[in-house]
Amino acid sequence: VKLPAPNAPPAVGKGLEKQLREAILYESAGLLIINKPHGLAVHGGSGINLGLIESLRQLYPNERSLELVHRLDRDTSGCIMVAKKRSTLRAIHAQLREGGIDKVYQALVIGGWPRSCQKVDAPLMKNVVQSGERMVRVAQDGKRCITSYRVLQNLGQFTLIEAKPITGRTHQIRVHCQHMGHPIVGDPKYGLDDVNLIQRQLGLNRLFLHAAQLRLVDPSTDKKIDVRAPLDQRLQSAVDRLC
């Protein structure tokens, strides 16, 4: 009888395996790009036994060097890169440092985002304890943080926007939206509870933040790639309902 190793993550269930295999957006010899489902942590820890990377290591037992290239919040869905080779990991990290990778997010925010607001440059400080919860907030003595924005669609009392983080800080897009007076719908930390409650009753019971697109050079092929992740059913239904 072969027993699992101590502290080994639980086995991936058939449902999650099917979901992850269907979520593969791009694969090459050195790189995987997954449309990460909402609610799935990128790695285990803090009471989470099975995250995305632990699941993929079970689905790809012959790939000995699977590593996350970057992270997404558990509540954020969309494009996430996983390197299959250490050389690919190092090369993509170099592209990230040099600004050679475009990360494009979509978010539904409260109110009418002004089309003239195309960039938010506001420093952020993290781990600020507020009501017993660790938060990120705008602070003059924080680290510089820049996000570019573009209006995609005006939806009455809401706006569908595109956000591109120029820097890579924790909760950057979420806090910048809050700072501008247009928090993201469904955000439990930085949003508006009354609006979130109404949206949950209408079927949107998640943060409306989605990593929609990645543009980069795949180091294992030396080719430029443009990978896009469609909105999941709950997000698309929310947009359709507001149209």
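In this text, all values refer to a predicted model and were calculated from it rather than measured experimentally. (Residues numbered from 1 in each chain as written. Predicted model: local features only at pLDDT ≥ 70, side-chain atom pairs only at ≥ 80, totals over all residues. Heavy atoms only, no water.)

Trainee: Please set out the overall build of the protein chain residue by residue, giving values where relevant.
Mentor: Scanning the protein chain from N- to C-terminus turns up 6 helices and 12 strands. Taken over C-alpha atoms, the radius of gyration comes to 19 Å for the protein chain, in line with the 18 Å a tight globule of 243 residues would show. In terms of principal-axis extent, the alpha carbons of the protein chain reach across some 55 × 40 × 40 Å. Residue burial in the protein chain is summarised as follows: out of 243 residues, 45% are buried. Taking the intrachain contacts of the protein chain between residues at least 6 apart in sequence as the baseline, contacts between residues at least 24 apart amount to 61%. (Helix = DSSP H or I, 4+ residues; strand = E, 2+ residues; numbered from the N terminus. Rg over C-alpha atoms; globule rule 2.2 N^0.38 Å. Buried < 20%, exposed > 50% of the residue type's maximum accessible area, 1.4 Å probe, protein only. Contact = heavy atoms within 4.5 Å.)

Trainee: Would you mind going over unusual backbone geometry in detail, with residue names and values included?
Mentor: Trans peptide bonds make up the majority, and among non-glycine residues the majority have a negative phi. Positive phi is not limited to glycine here, since histidine 171 has a value of about 55°. Even without being a glycine, aspartate 222 presents a positive backbone phi close to 60°. You can see aspartate 222 is positioned in the loop between strand 11 (209-218) and strand 12 (223-228).

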